[in-house]
Amino acid sequence: RRAMKSFDTSILIYASDEDCAEFARTHALVEKALEAPLEWILADQVLFEFYKALRNPRVFRNPLGAAEAMERVRFLREEAGFAHCAYEPDFFSEAADVLGEESFPYQRTHDCILAVTLRNAGVKTLLTRNVKDFTDAGFEVLNPID
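Predicted model only: the values in this text are computed from it and were never measured. (Residues numbered from 1 in each chain as written. Predicted model: local features only at pLDDT ≥ 70, side-chain atom pairs only at ≥ 80, totals over all residues. Heavy atoms only, no water.)

**Notes on the overall build of the protein chain**
Looking only at helices and strands, the protein chain features six helices and five strands. Listing each helix as α and each strand as β along the protein chain from the N terminus yields β-α-α-β-α-α-β-α-α-β-β. Viewed in the frame of its principal axes, the protein chain has a C-alpha envelope of about 40 × 35 × 30 Å. Out of the 146 residues in the protein chain, the part that is buried amounts to 43%. Across the protein chain, the fraction of contacts at a sequence separation of at least 24, relative to all contacts at a separation of at least 6, is 60%. Measuring between centres, the 17 positive side-chain charges of the protein chain sit 2 Å from its 25 negative side-chain charges. (Helix = DSSP H or I, 4+ residues; strand = E, 2+ residues; numbered from the N terminus. Buried < 20%, exposed > 50% of the residue type's maximum accessible area, 1.4 Å probe, protein only. Contact = heavy atoms within 4.5 Å. Lys, Arg positive; Asp, Glu negative; His and termini not counted. Charge placed at Lys NZ, Arg CZ, Asp CG, Glu CD.)

Shown next as structure tokens:
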């Protein structure tokens, strides 16, 4: 089994926003991933978060319409060659153990679910701008921007 790598939503957002300072680095990173898609896996959760961001005027100065946003997501999921994974019902007890800890911040609920999903899919490295949100993820977490 390959040492799979994955992107968090933040990387896809920066790679799609030509107005942000992070665009060049993240866009190049996504382009490089597209050259070796068998090394990468994307969670459906990330793709749906990306869709929401593409349409959000608080995220993009010129947000996309539904069809264009969905076309970008569909490309990443069905045409780019990346593997994909999704949260499965069997993951519930693993997620519940973390979510049930009194010290767990509720704001990180979706990050926990993503970490469980990626860990079960065999991800060894997650690229994200939000390293602190995945400190106990069980795999390497890197910020490719800094």
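**Quick word on the sheet that holds strand β1 (residues 4–7)**
With respect to topology, three strands assemble into an open sheet ordered β1-β4-β5, the strand pairing being parallel. Lying at the two open borders of the sheet, with one neighbouring strand each, are β1 and β5 (140–142). Between one strand axis and the next, the sheet turns through 25 degrees on average, direction left out of account. Judged from the four bridges that link them, β1 and strand β4 (residues 123–127) form a sheet pairing that is parallel. Within the sheet, the bridge partner assigned to F7 lies in β4 and is L127. (Pairing = 2+ DSSP bridges. Axes fitted to C-alpha atoms, helices over the stretch in contact; angles between N-to-C directions.)

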